Structures are given as C-alpha cells and as structure tokens.
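Remarks on the overall topology
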Amino acid sequence: MNFLKKLIVADKNFYKRVLTLAIPIALQSLITIGVNMLDTIMVGRLGETELSATSLANQFISIYHIFCMGIGMGASVLVSRYWGMKETEPEKAALALKKTVCIMLRICVSLAAVFALLTLFIPDLIMGTYVDASKEGAMDIIRLGTIYFKYSIITYFFLGLSLVCTIVLRSVGQVKLPLFVSIGAFFVNLGANYSFIFGKFGMPRMEIAGAAIGTLIARVFEAGIICGYLLFVDKKIAFRVKHLFIKTGDLIGEYIRISIPVLVSDAILAFGNNSVAMVIGRLGTTFVAANAITSVTQQMSSVLIQGVSQAGSIVTGQTLGQGEKQKAQDQGYGFLGFGIGLGAVSALFIMAVSGSIIRSYNVSPETSGVAAQLMAAICIIVLFQSTNSIMTKGVLRGGGDTKILMLADNVFLWVLSIPMGIVAGLVLHLPAFWIYIALKFDQIAKAVWCVLRLRSGKWIKKITVGKV
C-alpha cells in the first residue's frame, strides 16, 4: 500500500512541469510518426515489394537515427544538470553547456559522414543483410532498397543535426519551436512525397526514389530552422558558430563517462533491433509488410510515453543540478506511476484502432491476418515497454546512471529477446503473435529490473563541470 502511495506525487506543480515538457515533445513525435505513416501508405500503394524495400532500407537509416538519439540524449543528461546549476554556479554552468553542445555536434557530423559513405558504396550489401536471397521477391526488394538509399545519402547530415539540436533545446525548456518546425516539416514532406512518388504538379513520377527525395526535402527544411535558431537566436545556451572551435579537452572525460555509455547503449540496441529486423526479414515478405504496418501504430500509441521519458530525464537532471536528491527520488516514483498508467492507455488505444489501420493498407488477406496477430501482441508488450522506457530512458538516465543502463539494455536484448525470437520464428515456426512476444521479451524483463534499480537509490550519480 505504501508503495502505491509513492506512485502519486503530492506536488501538483510536478505534473504541470512534466506535462508542459512532455506534451509538445509527444506532439512533435506524433507528427514525425505521421510523416512516416504517410510515407508507408503512399509507398504501400505501389505494392508490397516496394513497401518491404522501403521498410527494410529505413531499418538501416534507423540505426543512425538511434545513434543520434544516443548522442543527443547523452548530451541532454549533462545539459539538464548544468542548467539546474545555473543559479549556484552560473559561469561554470554556462561554459560547460557550450562545451557539451560542441562535443555533441562534432560527434554527430562525424557519424553522419560514416553512414553516408556506407550507403554510397555498399547499398546492395546492406540490403542483403535484411532478406533471404533465396526467397521469392528478395532480389526485387534489394534492388528497390538500393534505389531508396541512392537518394538518402545526404539526408543523414540534416536528420542528425536537427535531431540533436532539438534535444538540447528541450533540455533547457525550449519545446515549442521544435514542435512548430515539425508541423511545417510534415506538410513539406506530404507535398514533396505526393509530388515525387506519383508524379504530380509537374514533377516526374519517381515512385520509391520519390519517397526518399520527399524525406530529404523535409529534413533540410527542419535542420535549417532548428540549427539556425540554436546558432544565431537562442539566448539560453547562447551557443554560436565560434563555439564550434572552442577547446573541450577538460570536459571530454565527463562527457565520455556520462554521455558515451548512452551512445554505446543505443548503438548496440540499434544493432540488436536490426538483428530483430533481420529475423523478421527471413520470415518472408508477408511478415515484413505486416510488421511495417504495425510498427507505425505502435509508435503512434507510445508518443506520450516518449514525451514523458524525455521530460523525466530533463526534470530529474535539473532537480539533481539544484542539489535535491530526495526530491529526485520521490519524483522517480511519480514517473513510475506515469509509466504504468500510460502503458494501459496505449494498449487500449491499439485495441481500438488496429482494425481500421490494417484496412487502410492495400495488402493481401494473409498479410492482414499476420498484422492483426502482431497488433494483439503489441497490446501486451506496450504495458511493460511504457514503464521501462520512462524509467530507463528518463529518470535513471537523468540521474547519470548511464553505465548500468548500457549493461542492462544490452544484456536483456542479446541474452533474451534475440535468441528467443530466432528460436520462435526460425526454429519452432510459431504463430506471429508468439514470435513478436519472444522478440520483445526484453521489454518485460527490463520493466521489472528498473523498478528494483529505482528503489535502490544507487542510480543518482555526481556530475562535474570541468575547468573554467
């Protein structure tokens, strides 16, 4: 009974603060997912092979996306803590903020160059890792995926910069601008995709290549405004072009200790998730197409969860930056309550909309049946995913507990989910429902673990600011 009471925070300002951050972040995520859903539906009109090729190509691009999330969220841990220190150590905090952003941007651009080169020189090899070449239609999927990659090469730079800059702006409470920019990018992407995929408004009909071009145009629009604001307008972090060349050696050690485990964790998770995609890819075109349909719905159902997760990291970091450890611990239980409640709401949402979503796609009855099984499995998984996401990616990460999280994330994925998924799908050939449960079993195990970690109090770590 006492544990249940802890899940409700008495301070109403806590909920106001969380929702002020979480709702704009969630709306921005919803818009981004809406863009992806429109892409999927438009490409789906071309056929299941085109849908599968685009979905699998984006699995590789999502590795970079997750890397950038790791870079940005790792930096966010430091930025939030330093922002919380602004009243007690203003000069040290201000300089540490700029150095953190500088290191983050340097890593992001370097990583974008690596992914661009891989996509340029070995696109067919990349696509080949996601499909079984012996299966019918596999070579067509590889060919179409290679075309999609050809027009996505420079997208990495704009995607990465807009993403990491958005995350650091959120860390100091600036959540409205990224939301408005995402709304604009949504309409830019919609118009560009419609024009280039189907050859409308005088544009050539480019089909799958048109989807890549539409995404690129939207990313350029988004990065131009977000990065322009950070470099020339923002007064909170006050980071300018000249700060790209400042010396950051004294903060590298702290950045590596706190931020790099987040990057490594998310990077290995990205490879793990792509290993899951490889398992799915070998289950056939039907399963791949069904998964592409359901993944968008799952993302839509969890946007508020992701918003609260990021709010959890920001609020926890700022609270600890102000030196209030007990308050951060109490707030941690409040975020746990958020996770349980939002998981239930998300499951109900998926149950309500799954049928309509599946019917909106031009797919075979067999694919629709597999998609329905996957939707049912997602309803169960999201209950646990909500809790562990808000705790691990929010509260525990905001407390600086990044090394332990790196270990936990990857042990649960590589020791449980991937082996169980391989056995369920490729050895036992179980129904789609059980294959998906097996592939996502790490979400269940991690939900239990993160509650135990929160109760221990060992997740709160000390962070330094380097030299002034």
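Everything below is about the structure printed above this text.
Presented here is a report on the structure given in the accompanying data block. (Residues numbered from 1 in each chain as written. Predicted model: local features only at pLDDT ≥ 70, side-chain atom pairs only at ≥ 80, totals over all residues. Heavy atoms only, no water.)

**What about the environment of Lys6?**
As for its placement among the helices and strands, Lys6 is situated in helix 1 (residues 2-6). The exposure class assigned to Lys6 is partly exposed, which follows from its relative accessible area of 44%. Linking Lys6 and Asp330, residues 324 residues apart in sequence, is a C-alpha distance of 7.2 Å. The contacts of Lys6, once residues within four sequence positions are left out, are Tyr333 and Gly334. (Helix = DSSP H or I, 4+ residues; strand = E, 2+ residues; numbered from the N terminus. Buried < 20%, exposed > 50% of the residue type's maximum accessible area, 1.4 Å probe, protein only. Contact = heavy atoms within 4.5 Å.)

**A closer look at the side chain of Ser346**
Inspection of the secondary structure puts Ser346 in helix 13 (residues 325-359). A residue is classified by how much of its surface remains accessible, and Ser346, at 4% relative accessible area, is buried. In contact with Ser346, not counting residues within four places along its chain, are Ser301, Ser302, Ile305 and Val382.

**Quick look at the nonpolar core**
Within the largest apolar cluster, 136 residues are counted, with the highest numbers of intra-cluster contacts made by Tyr64, Met104 and Phe335. Looking at this core element by element, the count peaks at 17 residues for helix 3 (residues 48-84). Setting aside residues no more than four positions away along its own chain, Tyr64 makes contact with Cys108, Leu111, Ala112, Phe115, Tyr156, Phe157, Leu159 and Gly160. (Core = buried A, V, L, I, M, F, W, Y, C linked by side-chain atoms within 4.5 Å.)

**Thoughts on the packing of aromatic side chains**
What characterises a pair of aromatic rings is the spacing of the ring centres plus the angle enclosed by the ring planes. One pass over the structure, following the stated rule, counts 14 aromatic pairs. Consider the rings of Phe60 and Phe115, whose centres lie 5.4 Å apart with planes at 40°: the pair is tilted. With Phe60 in helix 3 and Phe115 in helix 4 (residues 90-121), this pair connects stretches of sequence that are 55 residues apart. Residues Phe335 and Phe338 carry aromatic rings whose centres are separated by 6.3 Å and whose planes lie at 35° to one another, so their mutual orientation is tilted. (Phe/Tyr/Trp six-rings, centres within 6.5 Å; stacked < 30°, edge-to-face > 60°.)

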